[in-house]
Amino acid sequence: MENGAVYNTTTEPEARAPRRRPFGCTLRRLRGWRLPVKVVQTIFSFVAVVCEEIVENCVTCTGLYLFEFVSCSAFLLSLLILCMYCTDLYESLGEDKVQKL
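Residues numbered from 1 in each chain as written. Predicted model: local features only at pLDDT ≥ 70, side-chain atom pairs only at ≥ 80, totals over all residues. Heavy atoms only, no water.

Draft legend 1. Focus on the overall build of the protein chain. Looking only at helices and strands, the protein chain features five helices and zero strands. Put simply, the protein chain has 101 residues, and 20% of those count as buried. Of the contacts made within the protein chain by residues no fewer than 6 positions apart, 62% connect residues no fewer than 24 positions apart. Counting every atom, the protein chain has about 8800 Å² of accessible surface; 63% of that belongs to carbon and sulfur. (Helix = DSSP H or I, 4+ residues; strand = E, 2+ residues; numbered from the N terminus. Buried < 20%, exposed > 50% of the residue type's maximum accessible area, 1.4 Å probe, protein only. Contact = heavy atoms within 4.5 Å. Areas by Shrake-Rupley, 256 points an atom, 1.4 Å probe, with all protein chains shown as cover.)

This is how it looks when you write it as C-alpha coordinates:
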(Lines give C-alpha, C1' and ligand atoms only; values in the text may rest on other atoms or scores of the structure.)
Protein backbone atom coordinates (compact mmCIF):
# COMPACT_ATOMS: atom_id res chain seq x y z
CA MET A 1 0.00 0.00 0.00
CA GLU A 2 1.33 3.38 -0.92
CA ASN A 3 1.54 6.20 1.56
CA GLY A 4 0.25 8.63 -1.05
CA ALA A 5 -3.29 7.27 -0.84
CA VAL A 6 -3.45 7.63 2.93
CA TYR A 7 -1.62 10.91 3.39
CA ASN A 8 -3.11 13.38 0.94
CA THR A 9 -2.36 17.05 1.09
CA THR A 10 -4.89 19.07 3.00
CA THR A 11 -7.63 20.88 1.13
CA GLU A 12 -7.98 23.64 3.71
CA PRO A 13 -5.93 26.76 3.08
CA GLU A 14 -3.56 27.89 5.77
CA ALA A 15 -5.32 30.19 8.20
CA ARG A 16 -3.82 33.64 8.42
CA ALA A 17 -3.75 35.55 11.67
CA PRO A 18 -6.42 38.26 11.81
CA ARG A 19 -5.15 41.72 11.09
CA ARG A 20 -5.04 43.82 14.23
CA ARG A 21 -5.52 47.55 14.31
CA PRO A 22 -3.22 49.83 16.29
CA PHE A 23 -4.00 49.61 20.02
CA GLY A 24 -6.78 47.17 19.19
CA CYS A 25 -9.29 49.93 18.40
CA THR A 26 -12.57 48.76 16.95
CA LEU A 27 -16.03 50.29 16.70
CA ARG A 28 -17.98 47.08 16.18
CA ARG A 29 -19.55 47.10 19.66
CA LEU A 30 -20.69 50.74 19.68
CA ARG A 31 -22.48 51.42 16.43
CA GLY A 32 -24.96 54.07 15.49
CA TRP A 33 -26.02 56.47 18.21
CA ARG A 34 -24.35 54.59 21.09
CA LEU A 35 -20.78 55.78 20.41
CA PRO A 36 -21.55 59.54 20.33
CA VAL A 37 -23.69 59.20 23.47
CA LYS A 38 -20.87 57.47 25.37
CA VAL A 39 -18.32 60.06 24.21
CA VAL A 40 -20.59 62.96 25.24
CA GLN A 41 -21.25 61.27 28.59
CA THR A 42 -17.51 60.97 29.21
CA ILE A 43 -16.90 64.60 28.25
CA PHE A 44 -19.72 65.89 30.48
CA SER A 45 -18.51 63.89 33.46
CA PHE A 46 -14.99 65.22 32.92
CA VAL A 47 -16.32 68.79 32.76
CA ALA A 48 -18.17 68.14 36.03
CA VAL A 49 -14.92 67.02 37.68
CA VAL A 50 -13.13 70.13 36.42
CA CYS A 51 -15.95 72.44 37.57
CA GLU A 52 -15.87 70.86 41.03
CA GLU A 53 -12.13 71.42 41.28
CA ILE A 54 -12.53 75.13 40.45
CA VAL A 55 -14.46 75.79 43.66
CA GLU A 56 -12.05 77.28 46.22
CA ASN A 57 -14.23 78.15 49.22
CA CYS A 58 -17.41 76.57 50.49
CA VAL A 59 -19.43 77.01 53.68
CA THR A 60 -20.93 73.53 53.92
CA CYS A 61 -18.85 71.20 51.81
CA THR A 62 -20.82 67.97 52.22
CA GLY A 63 -22.75 68.48 49.00
CA LEU A 64 -19.56 69.41 47.18
CA TYR A 65 -17.81 66.27 48.38
CA LEU A 66 -20.75 64.15 47.28
CA PHE A 67 -20.75 65.86 43.88
CA GLU A 68 -17.00 65.27 43.63
CA PHE A 69 -17.41 61.56 44.37
CA VAL A 70 -20.30 61.12 41.93
CA SER A 71 -18.73 63.09 39.08
CA CYS A 72 -15.34 61.41 39.43
CA SER A 73 -16.95 57.95 39.61
CA ALA A 74 -19.09 58.72 36.56
CA PHE A 75 -16.03 59.87 34.62
CA LEU A 76 -13.94 56.83 35.48
CA LEU A 77 -16.75 54.34 34.82
CA SER A 78 -17.77 55.91 31.52
CA LEU A 79 -14.12 55.96 30.45
CA LEU A 80 -13.81 52.29 31.43
CA ILE A 81 -16.93 51.38 29.45
CA LEU A 82 -15.73 53.34 26.44
CA CYS A 83 -12.32 51.63 26.55
CA MET A 84 -13.92 48.23 27.08
CA TYR A 85 -16.23 48.42 24.10
CA CYS A 86 -13.82 50.19 21.72
CA THR A 87 -10.82 47.88 22.15
CA ASP A 88 -10.14 44.17 21.82
CA LEU A 89 -10.50 43.82 25.57
CA TYR A 90 -14.16 42.85 25.07
CA GLU A 91 -13.23 39.79 23.02
CA SER A 92 -10.31 38.79 25.23
CA LEU A 93 -12.36 38.90 28.45
CA GLY A 94 -15.50 37.37 27.05
CA GLU A 95 -19.07 38.63 26.93
CA ASP A 96 -20.15 37.00 30.19
CA LYS A 97 -17.34 38.63 32.20
CA VAL A 98 -18.03 42.03 30.61
CA GLN A 99 -21.71 41.75 31.56
CA LYS A 100 -20.72 40.95 35.16
CA LEU A 101 -18.36 43.91 35.21
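Draft legend 2. Representation of the state of the cysteines within the structure. What the rule picks out here adds up to one disulfide. Across a sulfur-sulfur distance of 1.7 Å, Cys58 and Cys61 are joined as a disulfide pair. When the S-S torsion is 90°, as for the bridge of Cys58 with Cys61, the disulfide is right-handed. Given the relative accessible area of 32%, Cys58 is considered partly exposed. (Disulfide = S-S within 2.5 Å.)

Draft legend 3. Highlighting the UniProt feature "transmembrane region" (unreviewed entry) in the protein chain. In the numbering used here, UniProt assigns the "transmembrane region" (unreviewed entry) feature to residues 64-87. Measuring from the first to the last C-alpha atom of residues 64-87 gives 34 Å, for a span that is 96% helix and 0% strand. (UniProt positions renumbered as here; feature names shortened; annotations may be inferred.)

Draft legend 4. Layout of helix 3 (residues 62-86). Counted at 1.5 Å a residue, the expected span for helix 3 with its 25 residues is 36 Å, and the 36 Å between its end C-alpha atoms agrees. Three or more residues of helix 3 are buried, namely Ser71, Phe75, Ser78, Leu82, Met84, Tyr85 and Cys86. (Expected span 1.5 Å × (residues − 1).)

Draft legend 5. The arrangement of the packing of aromatic side chains in detail. A full pass over the atoms with the stated rule returns one aromatic pair. A centroid spacing of 5.3 Å and a plane angle of 45° characterise the contact between Phe46 and Phe75, whose relative ring orientation is tilted. Highlighted residues: Phe46 in helix 2 (residues 34-54) and Phe75 in helix 3, separated in sequence by 29 residues. The class of Phe46 is partly exposed, set by a relative accessible area of 42%. A relative accessible area of 18% means that Phe75 is categorised as buried. (Phe/Tyr/Trp six-rings, centres within 6.5 Å; stacked < 30°, edge-to-face > 60°.)

Draft legend 6. Local environment of the nonpolar core. Leu30, Leu35, Leu82, Met84, Tyr85, Cys86, Tyr90 and Val98 form the largest nonpolar core, which has eight residues in total. Contacts of Tyr85, omitting those with residues within four sequence positions, involve Thr26, Arg29, Leu30, Tyr90, Val98 and Gln99. (Core = buried A, V, L, I, M, F, W, Y, C linked by side-chain atoms within 4.5 Å.)

Draft legend 7. Quick peek at the confidence of the model for the protein chain. A residue-level look at the protein chain finds 76% of positions with pLDDT of 70 or above and a mean pLDDT of 80. Mean pLDDT across the elements of the protein chain ranges from a minimum in helix 1 (residues 3-6), with 58, to a maximum in helix 2, with 91. (pLDDT = per-residue confidence, 0-100.)

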